[in-house]
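If you want the building blocks of each chain, they are given just below.
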Amino acid sequence: MTFKIFNKIKGDRKYFAIVFFILFLIILSGIITPIIVHNIEDNWQTDLSNKITDIQTSVISILNSKESKLLNCDQKLREKLRKVLNPQNNSYGALTRVVNSNEFENYSIEVLAPNGRLIAWNTNVAIPQNDILPLALPAGQCHFYQGDLITYFTVTDTVLSDNDQFYYVVSVPVEKEYTIQNPYYTQISFIKEISDKFQTQFEVGYSPFSESTRDGRKYSFDLINKQGNKIGNVTFVKPGLDTEINSIYQSTGMLQSFLAILAYIFAAFGFRKEFKELKYRTTKILIFSFYFIVFRFLLYYVDFPSNLLPGPLVNPAYFSSTFGNGIVKSPIEFFITALFALIICIKGFSYLVDYIHSETVPKSKRTILFAVFFIPLTLLFLITIRGFCASVKSVIFDSTIRYFKEPNLIPNLPSMAMNLNLLMIGTAILLLLVAYILLLVSFLHKEDSRKMNLVFLGLFIIYQLLGLLFIVYQNEPLITPVMMFIFIFLIFWLALIIYRHKQKNVYHFVYITLAASVISITLLNYFNLNLEIASLKTTAYEINRPNNDLLHFLLNETLQDVTHNEDVISGYYDQNSNYYTEAFKLWAKSSLQRESLNSSISIWDKDHNYLGGFNSGIDPGKKMLKDFSKYNGTTPEIIETVDPQDSTKKIFSGITQITDRGITLGYITASIGFDIQDIGTTAIPDFLESKKNIINPVIDVSRLKIFEFTDSKLTHVYGDIYPSRDQIKPILNAQFNQDNEAWLTVSLSNENFYAYLLRNNSAGNQNITAVLTREKRLSWDLFNFFKIFLIHSIFMIFLFIVLFAFKIRDLKFSFRAQLLTAFIVISLIPVVVLAIYNRQTVQQRTQTAIENELGERLNYVENIIKEELTESPSHDYIDAFNNAGQDLGVSFAVYEGSTQIYNSRDQYFKAGLLTDKLNPEAYYQLSYLSYREYFTQEKIDNFDFDSYYKKVTIDGIPMIISVNDAFNKVRLSYSVTDIDVFIFGIYTFATIIMILLSAFLANRISLPIRRLTKATASVANGDFNVELDENVKGELKELFSSFNSMTHELQKNQIELAELERENAWKEMAKQVAHEIKNPLTPMKLAVQQLIVSYHDKSKSFDSIFEKVSSTILSQIENLSLIASEFSRFARMPNFKIEKIDLLPVIRDSVNLFVHEKIKIELNTQLDEANIETDKSQFRRMLINLIRNSIQAGADSIKLQLVEEDKNFILTVSDNGSGIPQNIKDKIFDSNFTTKSKGMGLGLTLAKRFIEGINGSISLEESEGSGAKFKIKVPQCNNKE
Amino acid sequence: MNKLLKILILFSLIGFLSVPGYSSLKYDVYDTGGKQDQQTASSVFKKIEEGISSGKVSAISNLFSSQMYINLSNGVNGYYSSNQAYYVLQRYFKNYRVISFSIENIHEEDDNVIGTGDYVYFFKGSERKAQVYLSLKKTGNKWKIIQLTID
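These figures come from a predicted structure and were not determined experimentally.

Colleague: What is the right way to look at the overall build of chain B in this model?
Modeller: When its secondary structure is counted, chain B shows 3 helices and 6 strands. Listing the helices and strands of chain B from first to last along the sequence gives α-α-β-β-α-β-β-β-β. Within chain B, contacts between residues at least 6 apart in sequence are counted, and of these 45% link residues at least 24 apart. A total of about 5,900 Å² of accessible surface is found on chain B, and carbon and sulfur atoms cover 48% of it.

Structure follows, in structure tokens:
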């Protein structure tokens, strides 16, 4: 039964069956969901118990997996250590290499000698040496180690070497106790991992002493290692019924959305056949476009893929526009919209190009069509340009991606996606714009190519003028006249190339994509400049934003958060608490970090003793609690004070009391300050910097000049220019709009500046903030251009590969493809080698420059320290380090052995952000190999920096000093990324040009071969009249000449052979006829002779003889008639090989044979298919014959038109040749009639006989002008299959 | 002729339907539009309260300034255009489902008004509370949100 049903669902039915099945599933899911929900409600207690068990099992399973990985690493390391610690192979270098090998880069490795001394470590030192021994658990057992800032999953194990027991520790981070909102921070959190997975709130106690919760809303279980020892405790909020029900409805909704999309796709497959059978391409294109537009809105309606995909591509913070009610609300939605637009535009464009190349608008209608459509098409053209500009403006203004400031050569995913979107939308728009021009040009079609060029030129000039007018008459033009000129030029150039090329070509799309890239990057650059100007306003707001209220709010928020922070409370009870770390964690978690304001957090005990703190930019000092002498401790108190380091600056400070069960444990204070001078010069290093400052800035703040006025008096100045009274007059006299803002240009120090002024009233005073930047003219910024062009190139090269992949069959065999490949390979090899070489050279030089700079910095530090010690011999060397650190402001560290004894940025080490162990490789190089200096690159999370180490002797003690550029950046004219952009940008541009040039040359070189191939194919099809143009040089001329001679000779031989054959045939036939006729003639002669004798003898039996003879003669005459019929049948046309064929490819193939001859052949049809039953080769031969006749009649244009009429197809072949004289029109289908000097005159006769043989007809029609017009009518094929 | 007309219709349709940007032909970064009658700051805060309480960004989107500072507990932090702000907040309200939202204190000073309050929301099975800081600025006769912090 089932088999029978499946048998019935064949062909397109299966798609509809799938669609109905999907619709059934959608309905079913709608019906089932409430039942499931009801069921869950009824059995919630049992379900909850199962769910809790599931969560517990899954969490344990996740932890077990981590444990297995850690133990696996432990095993591998042990094997390697056993070898390198063997006394026979004893080499510290080998030990360092093993510990620092890439295999263990994600782990922290520490190796201890049998006496417990740390002898080897890698760059991630997890556990301080003193905390390793004695072992927390027996060797080989995994457990957690809670560092100051990071909790590790760790295992300590032993390895025996020559009876010596070495210890080693392998640790992997599982929980970072702090979060920094910036791109350099890598989040590691087991809690987040399981919270996200199970969609409930988790807490993990990473200690064997962690206790289970007593809160009934939560559930706790212990974490046990493989040896059965408790190592931690997990607590999570029990899943709620409401959450569960919401989750089910949400899942059902997503499933239904997904099913609806599938149904829509399968429905399209179901209608594939009907779609193919549509006769008119226009209808097809409209349906195709409609399908994709509806598809797009369906995806939007079901919120797909935004509701499924995680990650930055669906994040509107990167890009979102309100266009189309949200169809471009995120980078991925923009991608889908742009992709669909591109697909529709490609399809429409292909259709237009086909139309232009196959049909010519009738002369009589050209003028009227042009007159009617010129204005609407031109308006559409200009509006489309403006639409594109608006789109690119949105890409810049509605995005936080700073396309030209990406730190890496290959940008991150959202930026990459937006670049692709830009290219796609640019290509789609350019296809439209070129299509408009092609359409207009087709109304002005001229046969003469020179006249056609003039048409293009004329339209080009008109469009340039209109483009200029369009800009002038707009209130807010989005494009400059120069850019408009370039765009129109490019569009017309592309239109000209495509119009001239007789066939549709995939390279056209490559040209358009390339032009789209250039145009879109130019616009991107232009709007980025606008954004930079607009960012003056943002800067003014940013300056005015941190008012007293905001600072008060931020402090209050921070202090309220810390008041109830359980970690803070438990920290007071822990004697080993690192309060510097605690303060840093509080700071990192608060808005103080995210706002990038100068701020600090300090922790105090109940007796007002300072315990620790973290500060960036301001340090309110250890006496600040005096300011809070009246604090009563109920709620946070905030006061305004003065910065002890700079009495001109005011700061806000707040305090909160930390209590536990009514007992005061201590106090936490926070301070925050804002000063105009602090803009853009934050005191904290990049790896702790706010995301706001790293990602958002449009403009380099250090380039700005900022003036603040209160009641017309200049109160603050930021930047290196102090304006004179005259210079500030335009600012004070500026005309402010109703929003209290003004834009103007100001002249300072003989330079023009754009200025944005913001006026506001505060406390009865009128304040004006003026933000200025140097006027920058729009320039072709090569750096910016290549930065984006490089990304576009990747997509374009991918497009090349796709296009070639589609034409892979041609590539395998075609001479042109072989040439193209050879050219590309030959040209690319040196380019790639050169690019790599240049890149390496530049990179080396950059590294050398950084190394030199850091080396000089280190020498400077060394000299200052030594000078300090020489000048003040009584000073301790630590004092000398301190003085040098304060005087120089340079970040440096000093090591004795492998342990740090001083760091000028002490707080980052106290906070636990950096290890106090010397870089292991530096230690090996300087201490073991006795090198004097060592330069290396290091990392903090994703932040890369350079370090320089040097062995020195201070106070007779060997030490190592290090400097780095993590805190004090080395300024280079060009970064490695800048150089990369230039090198790869230029070389990629060169590569694309080479590919295009190679394609052009390969095409040109292979053209004669392709012409020869076509001509040979014509000869193979029986067309001996084919002739190659000998207007070529060298061997090819000889080849073409020989070919032409060969075809002439073949033609001559064919005629002679045909005549000879005809003569022989006639002779043979005559002989056969004579022989066959003779046979009946003999009995007839004998019979007649017998009759004559009988008559002369007056025989009595004359009557009977007469009858007999008559009968014989009649019988023989009948024989003669039969013989005649037999011969007639013998002389008939040979049998046709009838089959069902599509006429269109046959016609196109035949036309293609003449593509290299000086004749324009156009095929005009709206049909996609024209199925008839005929002999394919005969039909092609007939058509070639008709075309050849036209050429021989002097025609240079032949038009073929195929239409459908009353179940017949009508093919008309008309030319502009000399035509057929009236007096011979009736004879042209007669056999042996010809007007040509050569040929037998059988062509049209045979054509007529053939067409009639397939139940069709051929006739000569009255042509409109000169030339001939044949009408061929053939019946359609009835059999659809 | 018929075919030409079809082609023209086709390209006009493609042009108008498939190319983003037409709605923003008049892209104005400094004015996000939206009609707003003369309102007091407290009534604007009331409107914001109602809008956020219902989780509907559209109810308050006409109050967004062209470049708005947003600082949210999910890590969103910085200046966003009004277009972006719409979807950034929509996404936030979707993921951090509001239970209640109230402005507790309002501090007015000339053209600037500050409001602080609480945003109670539901996240990962539990109810949580964030503090809210809202800053409005009067531009012309309209109040615009120039900063929204939910942290």
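Colleague: Where do I start with the overall build of chain A in this structure?
Modeller: Helix and strand counts for chain A come out as 33 helices and 30 strands. Counting the 1281 residues in chain A, one finds 48% classified as buried. Long-range pairs, those at least 24 residues apart, make up 65% of the contacts in chain A between residues at least 6 apart in sequence. Across chain A, 126 positive and 133 negative side-chain charges occur, with their mean positions spaced 11 Å apart.

Colleague: Just checking my understanding: could you explain the environment of A:T988 for this structure?
Modeller: All names here are of chain A. Along the chain, the position of T988 falls in helix 28 (residues 976–1020). What makes T988 buried here is its relative accessible area of 12%. Along the sequence, T988 and F456 sit 532 residues apart, while their C-alpha atoms lie 32 Å from each other. Sequence-distant contacts of T988, that is, excluding residues within four places in its chain, are made with L790, S793 and I797.

Colleague: I tried to follow the sheet that holds strand 22 (residues 943–954) of chain A on my own but got confused; where do I start?
Modeller: One key point about sheets: their strands pair by backbone hydrogen bonds, in either a parallel or an antiparallel sense. Residues and elements named next belong to chain A. Taking strand neighbours across the sheet as the criterion, the 5 strands line up as 20-19-23-22-21 in an open arrangement whose pairing is antiparallel. With partners counted over all chains shown, the strands left at the sheet margins are strand 20 (899–903) and strand 21 (933–940), one partner each. If you compare each strand with its neighbour and ignore which way they point, the axes differ by 30° on average. Taken strand by strand, helix 25 (residues 877–888) contacts strand 19 (892–896), strand 20, strand 22 and strand 23 (957–964), and its axis lies near 50° from that of strand 20. Lying over the sheet, helix 27 (residues 920–928) contacts strand 21, strand 22 and strand 23, oriented at roughly 170° with respect to strand 21.

Colleague: Is there a simple way to explain the side chain of B:D151 in this structure?
Modeller: Looking at the secondary structure, you find B:D151 in the segment after strand 6 (142–150). A relative accessible area of 18% places B:D151 in the buried class. Within the structure, B:D151 has its side chain in polar contact with the side chain of A:S591 (distance 2.5 Å). Beyond its immediate chain neighbours, meaning those up to four positions away, B:D151 contacts A:E557, A:S591, A:R594, B:S73, B:A130 and B:Q131.

Colleague: Where do I start with the pairing of strand 28 (residues 1208–1215) of chain A in this structure?
Modeller: Walk down a regular strand and you will see the side chains alternate between the two sheet faces. Residue and element names in this part refer to chain A. Burial analysis of strand 28 places 7 of its 8 residues in the buried class, which makes it a mostly covered element. Inspection of the sheet shows strand 27 (residues 1197–1205) paired to strand 28 by 8 bridges, in the antiparallel sense. Bridge pairing in strand 28 links E1204 to F1209. Between strand 27 and the antiparallel strand that follows it, strand 28, lie 2 residues; D1206 among them carries a positive phi value of about 45°. Two strands pair when backbone bridges link them, and strand 28 and strand 30 (residues 1269–1275) are joined in this way by 7 bridges, in the antiparallel orientation.

Colleague: What's the story with the pattern of salt bridges in this structure? I'm lost.
Modeller: It is possible for side chains bearing opposite charge to pair when their charged atoms get close. Residues and elements named next belong to chain A. Overall, the coordinates contain 29 salt bridges over all chains when judged by the stated rule. With a shortest N-O distance of 3.9 Å, K393 and E476 are connected by a salt bridge. Pair noted here: K393 is in helix 11 (residues 363–397) and E476 is in the loop between helix 13 (449–472) and helix 14 (481–500), with a separation of 83 residues, a long-range link. E1252 serves as the salt-bridge partner of K1248, at 3.1 Å between the closest nitrogen and oxygen. One end of the pair is K1248 and the other is E1252, both in helix 33 (residues 1243–1253) and 4 residues apart, which spans about a single turn. The class for K1248 is partly exposed, based on a relative accessible area of 26%. Via salt bridges that share partners, K76, K80 and E103 belong to a single interconnected network.

Colleague: So what exactly am I meant to see when it comes to the packing of helix 12 (residues 413–443) of chain A against helix 15 (residues 506–544) of chain A here?
Modeller: The description of two helices packed together rests on the angle between their axes and the distance between the axes. All names here are of chain A. Relative to each other, helix 12 and helix 15 sit at 115°, their axes nearing to 8 Å. As helix 12 runs across helix 15, the sense of the crossing is right-handed. Two secondary-structure elements touch here, helix 12 through L422, L423, G426, T427, L430 and L431 and helix 15 through F509, I512, T513, A515, A516, S517, I519, S520 and L524.

Colleague: For this particular structure, what's the right way to read unusual backbone geometry?
Modeller: Trans is the common state for peptide bonds, and a negative phi is the common state for residues other than glycine. Residue and element names in this part refer to chain A. Of note, the amide linkage connecting L133 to P134 takes the cis form, showing an omega dihedral of 0°. Within the secondary structure, P134 sits in the loop between helix 5 (129–132) and strand 3 (142–146). Note the cis peptide between F304 and P305, where omega equals 5°. Tracing the chain through its elements places P305 in the loop between helix 9 (281–301) and helix 10 (331–358). Of note, the phi angle at D711 is positive, near 50°, even though the residue is not glycine. Here D711 shows up in the loop between strand 14 (705–710) and strand 15 (713–718). Judged by its relative accessible area of 40%, D711 is partly exposed. In this structure, D1206 takes a positive phi of about 45° despite not being glycine. Assignment of secondary structure puts D1206 in the loop between strand 27 and strand 28.

Colleague: What is the right way to read the packing of helix 4 (residues 92–99) of chain A against helix 27 of chain A from this model?
Modeller: Residues and elements named next belong to chain A. Between helix 4 and helix 27, the shortest axis-to-axis distance is 10 Å and the interhelical angle comes to 170°. Considered as vectors, helix 4 and helix 27 are oriented roughly antiparallel to each other. Contacts from Y92, G93, T96 and R97 in helix 4 reach P920, E921, Y923, Y924 and Y928 in helix 27.

Colleague: Before we go on, may I ask you to explain the packing of aromatic side chains in this structure?
Modeller: Aromatic ring pairs: the centre-centre distance and the angle between the two ring planes describe each pair. All names here are of chain A. Tallied over the entire structure, the rule returns 73 aromatic pairs over all chains. Aromatic pair Y908 and F967: ring centres 5.2 Å apart, planes at 40°, arrangement tilted. Residue Y908 is located in helix 26 (residues 906–910), and its partner F967 is located in the loop between strand 23 and helix 28; the two are separated by 59 residues in the primary sequence. By relative accessible area, Y908 is classed as buried at 3%. A relative accessible area of 16% places F967 in the buried class. Grouping aromatic residues by their ring pairs yields a cluster made of Y178, Y184, Y185, F584, W587, F614, F687, Y908, F943, F945 and F967. A cation sits over an aromatic face here: K284 above F275, 5.7 Å from the ring centre. Here the basic side chain of K393 rests over the ring of F397, its NZ or CZ set 5.3 Å away from the ring centre.

Colleague: Would you explain helix 2 (residues 41–53) of chain B in this entry?
Modeller: What sets the pattern is the α-helix's 3.6 residues per turn: residues three or four places apart point alike. All names here are of chain B. Between the first and last C-alpha of helix 2 there are 18 Å, a value that for 13 residues agrees with the 18 Å anticipated at 1.5 Å per step. Among all positions in helix 2, only A41, V44, F45, I48, E49, G51 and I52 are buried. Phi turns positive, to about 70°, at G55, one or two residues after helix 2.

Colleague: Sorry, what's going on with the side chain of A:T96 here?
Modeller: For A:T96, the position within the fold is in helix 4. In this structure, A:T96 is in contact with A:P920, A:E921 and A:Y924, ignoring residues within four places of it in sequence.

Colleague: Mind showing me how you'd approach the nonpolar core here?
Modeller: If you look at soluble globular proteins, the nonpolar side chains tend to sit buried side by side. All names here are of chain A. The biggest cluster of nonpolar side chains holds 120 residues, and the ones touching the most others in it are L81, F584 and I668. Here this core gets 13 residues from one element, more than from any other, and that element is helix 3 (residues 44–84). Core analysis: the next-biggest nonpolar cluster, separate from the first, contains 107 residues, I327, L380, F404 and L531 among them.

Colleague: Would you take a moment to explain a positive patch on the surface for this structure?
Modeller: Residues A:K363, A:K446, A:K451 and A:K1199 make up a contiguous surface patch of positive charge. Residue classification places A:K1199 among the partly exposed positions, given a relative accessible area of 36%.

Colleague: I tried to follow the confidence of the model for chain B on my own but got confused; where do I start?
Modeller: When pLDDT is low, close inspection of the predicted coordinates is not appropriate. All names here are of chain B. Per-residue pLDDT for chain B has a mean of 76; in total, 74% of the residues score no lower than 70. Mean pLDDT values over the elements of chain B span from 54, in helix 1 (residues 2–17), up to 90, in helix 3 (residues 82–95). Within the model, pLDDT remains below 50 along residues 16–37, and this stretch shows 65 contacts once partners closer than five positions in the same chain are excluded.

Colleague: What is the right way to read the environment of B:K137 from this model?
Modeller: Structurally, B:K137 can be placed in strand 5 (residues 126–139). The class for B:K137 is buried, based on a relative accessible area of 3%. Spatially, the C-alpha atom of B:K137 lies 12 Å from that of B:S66, the residues being 71 residues apart in sequence. In this view, B:K137 contacts A:Y541, A:L758, A:R759, A:N760, B:D111, B:N112, B:K142, B:W143, B:K144 and B:I146; residues no more than four positions away in its chain are not counted.

About the thresholds
- Residues numbered from 1 in each chain as written.
- Chains lettered and ligands numbered in written order.
- Predicted model: local features only at pLDDT ≥ 70, side-chain atom pairs only at ≥ 80, totals over all residues.
- Heavy atoms only, no water.
- Helix = DSSP H or I, 4+ residues; strand = E, 2+ residues; numbered from the N terminus.
- Contact = heavy atoms within 4.5 Å.
- Areas by Shrake-Rupley, 256 points an atom, 1.4 Å probe, with all protein chains shown as cover.
- Buried < 20%, exposed > 50% of the residue type's maximum accessible area, 1.4 Å probe, protein only.
- Lys, Arg positive; Asp, Glu negative; His and termini not counted.
- Charge placed at Lys NZ, Arg CZ, Asp CG, Glu CD.
- Pairing = 2+ DSSP bridges.
- Axes fitted to C-alpha atoms, helices over the stretch in contact; angles between N-to-C directions.
- Polar contact = N/O pair within 3.5 Å; in protein donor to acceptor, adjacent residues only side chain to side chain.
- Salt bridge = Lys/Arg side-chain N within 4 Å of Asp/Glu carboxyl O.
- Left-handed = near helix turned anticlockwise from the far one by under 90°.
- Parallel < 35°, antiparallel > 145°, perpendicular 65-115°, else oblique.
- Phe/Tyr/Trp six-rings, centres within 6.5 Å; stacked < 30°, edge-to-face > 60°.
- Lys NZ or Arg CZ within 6 Å of the ring centre and 35° of its normal.
- Expected span 1.5 Å × (residues − 1).
- Core = buried A, V, L, I, M, F, W, Y, C linked by side-chain atoms within 4.5 Å.
- Patch = residues over 30% accessible without salt bridge, like charges linked within 9 Å, V, L, I, M, F, W, Y side chains within 5 Å.
- pLDDT = per-residue confidence, 0-100.

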